Amino acid sequence: MEHRQLPLLPSATGHRPTLAIGSPFVGRIGELEQIRRVLLSRQGPGGVLVTGPPGSGRTRLLHEARALAPHRRWISLHPRAETAVDGPRRSPATGRSLAEIARLVEDTTTDPWLLNVDDVHLLDPDLWPLLHQAARHPTGKLLVSATTDRLGPAPEIQALWSDRSLVRMDLQPLDAAGVKELTDSLLEGGLGQTSAARLAQACGGNPRLLHEVARAAVEQRLLVRSEGCWHFVGEQLPVPPSVLELVDPQLRDLDETSRAVLELVALAGSPHLSSVERFCDARQLEELERRNLLRIVDGGAGGTGEPRVCIGHPMASYALSCGLRPLRRRRRLRDWLAAHHGPAALMTDDNCRRLAEWHLDAHETPPRALLERAIEQSLRDLALPSAVRLSRAAWQNHPDEDTAELHARALTASADFPRLAEFITAVRGSGPGFACALERAEARGMLLQAGYEELERVLPRLPAGEQRYFRMAARYFQGGFSDAYAWAEALRRDGPAGHALEAGLIMMGSLCHMGLPEQALCLYATLRAEMDQAPGGPAKFHADSLEELHASALHYCGRFDEAEQIYWQEYAHAVQNHHVRIDAQRGLALGHLLHDRGTIEAALKCFTFTSSYRVGWRQWQAKAGIHAALAISCLPADRRPDNPLPDGLAAKEAGNCAMFLAVVEARKRHESGDTAGATRILHDAVAAAVADGAHADAAIGLHECARLSLPGPEPAPGTLHLEGAFLRARLAYAEAYRSREPKLMGRVARAFADMGADLYAAEAYAELARFLRHVGGVKAATAATARARELLRGCGPVDTPPLRFLGGAALLSDRERLIAGLAAGGMADKEIAERLCLSARTVSNTLYRIYRKVGAENRRELRVLMTQRTGA
């Protein structure tokens, strides 16, 4: 997250940005799989024709595809390189390749071969018959690429796929997730989240454009390093000469009117078709569309709005929008305003944000009414970098209480707390009249940075209703769910109307932690109806949070499929629209469900936030680290990355994630052999959860005790009031483990499996198999073991205590399983004895019995058997 606009300073030696070497292959996995199937097929198409505009990644895809056919002879033609050769001569390498191809196509019994032709549209006309003959060869395959820019492929290229000799694959721009992954990898040290979002949005999913802009930024020294990552300097991104060279042939022969239309479309940011028609007649638009320079898309959600006009290719769009000089931008802005008879007609447009930014890019001050409307739109649409930029301009040009508060709101929403503090200090220094407008923003900043003591010192300066709101939110973040729920309920009943929706969100979150997710679902229906009645204003800012809490309630109810659909939808929407900080927050919620499903490595990707990709608000940032550590502790030791959790993180700092932090610490103690310490941590956490009314958290702690083979609290906590199949199953697992009751554990296992909690279900079936073997039910135990293995196939690599020695015929006690785990981890007998307060002889004798029971000769074999997933 970028926290400040930094000046361009000379970089110290060793601190200059460097482009990363070997960027990952992203966004084309599906296309690569399709190519693999074609190359492996003995009958069927003779290869693949990959088409797409310049920069879409055709060459990289063909390069990656080479590894899919290691047993085929690889032959390459390079038409683009040949176009640089003067006269009719061909290079010796090309001559040898052509001779080899001619020989191979005449021999139908030859070994399999693969011909690669990049930029086939540049191939000499006299070679086309040979290429068509190769496409029909019984043992040969072709991988060819062609550009489809401007007027479409030549007839010779069309013939390659129209008669089904080759499969045609049209490359589309990278999706938002692929762009994000690529931008994260462009620079050594990482690109700041806001800068990455700006780059991704401007490049429209074009891989080459992403690389070229990043390279130009490095060469032109337009990057500065702050807070562990790189950030673009200034508001304008660099325009690489290479991009202008690629775009120039498409624009060179345009008349002034057509070029003006393209510039206006690029600068206006996908304007309505009716607006563009003010500048040119239908024939001009049709010609630009025919040449793929413009395209018409449906406007609005679901394509229900007025049609919009977009530039046909990201490179052309980037060159026209970023490459124009300020005076030409200003000229186009005046043309646009004149055609609409001034800004008033555009104020009702849903893209006034882009118009206001156009003013700033042209070094003009937007009208105040336009600025304020654009800021509100940016906040509602979660376009937070735009909100910060526009509100800063509003304050600089129209300084008063309203613009000060708008800028503070934007900085708070962006989690830009250092700049918020600087801004508040500067405003207070400019006059006491402005300070009052910032007290609420200052309080919110302290709340979101977990500065609860500082918050209490600020609150007396706020109205009573505002004080109640901040105390309610602080109590929720601190984990006092019963108190937070009561205060939120009172605030909705008789507090300020502006906080009614936020109070409802706090109530939903509290109900989930209190173990009452079904009541949270009922409240969701009420809040959804309220929001639908008032779709604009501050309510829209919280719309995605409401859906996230809706999914959380479904999650706690055990309705995993419904919850996952909402989580993915909200996360994809945030990523697709480049919602800085919100994408990380939504990904964190999604990761929580993926963890409970048992897909640990997928969950870890959502939890692991770097300096260039983070939530920003302290409570969510702590939650991300805790859940990442939680996921890491479920992975095999050889697949664990560095633990992201800072040492010494206290339960007080964890807030409403205190139970999950306790689980992480308990697992760490248990893995080192400190079972007493692990037990104490979990028992204390369960007691604290019960005291705060967090019955769901208490059920999680009891479940974790059983998963680690630890005794439950004595005396057991009173009756926990739980709703939903998931929470009840977690509590029932603890009871089944304590009672060693096979029937109860079997019901728990089936409940977990039915809802999609595959890892928890596999653990329950593993314990069930042990219970059954203990009472002589060998056949039923074998069936339970097989079911556990089946569930684990979808989880990926995992290693948790209940799964160790899965299916082993030998019965190990809890103490024996613990000692086996410590020994397999590399601890010596003496170390184990010290950890468990036993004698070294007792440990040695126990290990001898374990070796005999499981059939191991040494610690290495013990480690293999402990995590083995096959066998009887």
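To be clear, the structure that these remarks concern was listed above.
Below is a short write-up of the structure. These figures come from a predicted structure and were not determined experimentally.

Some remarks on the overall build of the protein chain
Thought 1: Looking only at helices and strands, one finds 45 helices and nine strands in the protein chain.
Thought 2: Burial statistics for the protein chain: of 872 residues in total, 56% are counted as buried.
Thought 3: Carbon and sulfur atoms make up 53% of the accessible area of the protein chain, which amounts to about 38000 Å² in all.

Quick look at the pattern of salt bridges
Thought 1: Scanning the entire structure with this criterion turns up 53 salt bridges.
Thought 2: Close ionic contact of glutamate 442 with arginine 461 constitutes a salt bridge, the shortest N to O distance being 3.4 Å. Taken together, the positions of glutamate 442 in helix α22 (residues 439-448) and arginine 461 in the loop between α23 (452-458) and α24 (464-478) put the pair 19 residues apart, joining distant regions of the chain.
Thought 3: The class for glutamate 442 is buried, based on a relative accessible area of 14%.
Thought 4: Given a relative accessible area of 43%, arginine 461 falls into the partly exposed group.
Thought 5: Members of the salt-bridge network, linked through shared partners, are Glu256, Arg259, Glu263, Arg328, Arg332 and Asp335.

With respect to helix α39 (residues 742-755)
Thought 1: The end-to-end C-alpha distance of α39, which contains 14 residues, comes to 20 Å, matching closely the 20 Å that a straight helix rising 1.5 Å per residue would cover.
Thought 2: Considered for burial, the residues of α39 that qualify are Pro742, Leu744, Met745, Gly746, Val748, Ala749, Phe752, Ala753 and Met755.
Thought 3: Against the buried residues of α39 lie α30 (560-576), α31 (582-597), α37 (695-707), α38 (725-739), α40 (758-774) and α41 (778-792).
Thought 4: The N-terminus of α39 is capped by glutamate 741, whose side-chain oxygen sits 3.2 Å from the backbone nitrogen of lysine 743.

What to know about the nonpolar core
What tends to happen in soluble globular proteins is that the nonpolar side chains get buried as a cluster.
Thought 1: Judged by nonpolar contacts, the single largest core of 177 residues is most densely connected at Ile626 and Phe752.
Thought 2: By residue number, the principal contributor to this core is α40, which donates 11 residues.
Thought 3: Residues contacting phenylalanine 752, with those up to four places away along its chain left out, are His703, Phe726, Ala729, Arg730, Tyr733, Ala757, Tyr760 and Ala761.
Thought 4: One finds Leu174, Cys203, Phe232 and Met315 within the second-largest nonpolar core, a separate group that totals 44 residues.

Brief notes about the sheet that holds strand β5 (residues 167-170)
Thought 1: Here five strands make up an open sheet; going across it, the order is β2-β3-β4-β1-β5 and the pairing parallel. In this open sheet, the two edge strands, each paired with only one partner strand, are β2 (73-77) and β5. Averaged over all pairs of adjacent strands, the angle between their axes in this sheet comes to 15°, without regard to strand direction.
Thought 2: In terms of strand pairing, strand β1 (residues 47-52) meets strand β4 (residues 140-147) through six bridges, oriented parallel. Paired with valine 48 across the two strands is leucine 143, which belongs to β4.
Thought 3: Sheet strands touched by helix α2 (residues 58-65): β1, β2, β3 (113-117), β4 and β5. Its angle to β4, the strand with the most contacts, is close to 165°.

Quick notes on the pairing of β1
Thought 1: When you tally the buried positions in β1, you get six out of six residues, the bulk of the element.
Thought 2: The alternating pattern of β1 places Gly47, Leu49 and Thr51 and Val48, Val50 and Gly52 on opposite faces, both of which are buried.
Thought 3: Across four bridges, β1 lies against β5 in parallel orientation. Note on β5: the bridge partner recorded for threonine 51 is aspartate 170.

Details of the packing of α40 against α41
Thought 1: Look at α40 against α41: their axes get within 8 Å of each other, and the N-to-C directions meet at 165°. The angle between α40 and α41 falls in the class roughly antiparallel. Between α40 and α41 lies a crossing of left-handed hand. Residue-level contacts link Asp758, Leu759, Ala761, Ala762, Tyr765, Ala766, Leu768, Ala769, Leu772 and Arg773 of α40 to Ala780, Ala781, Thr782, Ala784, Thr785, Arg787, Ala788, Leu791 and Leu792 of α41.
Thought 2: For the contact of α40 with α41, the per-class residue count stands at 14 nonpolar, two polar and three charged.

Rules and cut-offs
- Residues numbered from 1 in each chain as written.
- Predicted model: local features only at pLDDT ≥ 70, side-chain atom pairs only at ≥ 80, totals over all residues.
- Heavy atoms only, no water.
- Helix = DSSP H or I, 4+ residues; strand = E, 2+ residues; numbered from the N terminus.
- Buried < 20%, exposed > 50% of the residue type's maximum accessible area, 1.4 Å probe, protein only.
- Areas by Shrake-Rupley, 256 points an atom, 1.4 Å probe, with all protein chains shown as cover.
- Salt bridge = Lys/Arg side-chain N within 4 Å of Asp/Glu carboxyl O.
- Expected span 1.5 Å × (residues − 1).
- Contact = heavy atoms within 4.5 Å.
- Polar contact = N/O pair within 3.5 Å; in protein donor to acceptor, adjacent residues only side chain to side chain.
- Core = buried A, V, L, I, M, F, W, Y, C linked by side-chain atoms within 4.5 Å.
- Pairing = 2+ DSSP bridges.
- Axes fitted to C-alpha atoms, helices over the stretch in contact; angles between N-to-C directions.
- Parallel < 35°, antiparallel > 145°, perpendicular 65-115°, else oblique.
- Left-handed = near helix turned anticlockwise from the far one by under 90°.
- Nonpolar A, V, L, I, M, F, W, Y, C, P; charged D, E, K, R; others polar.

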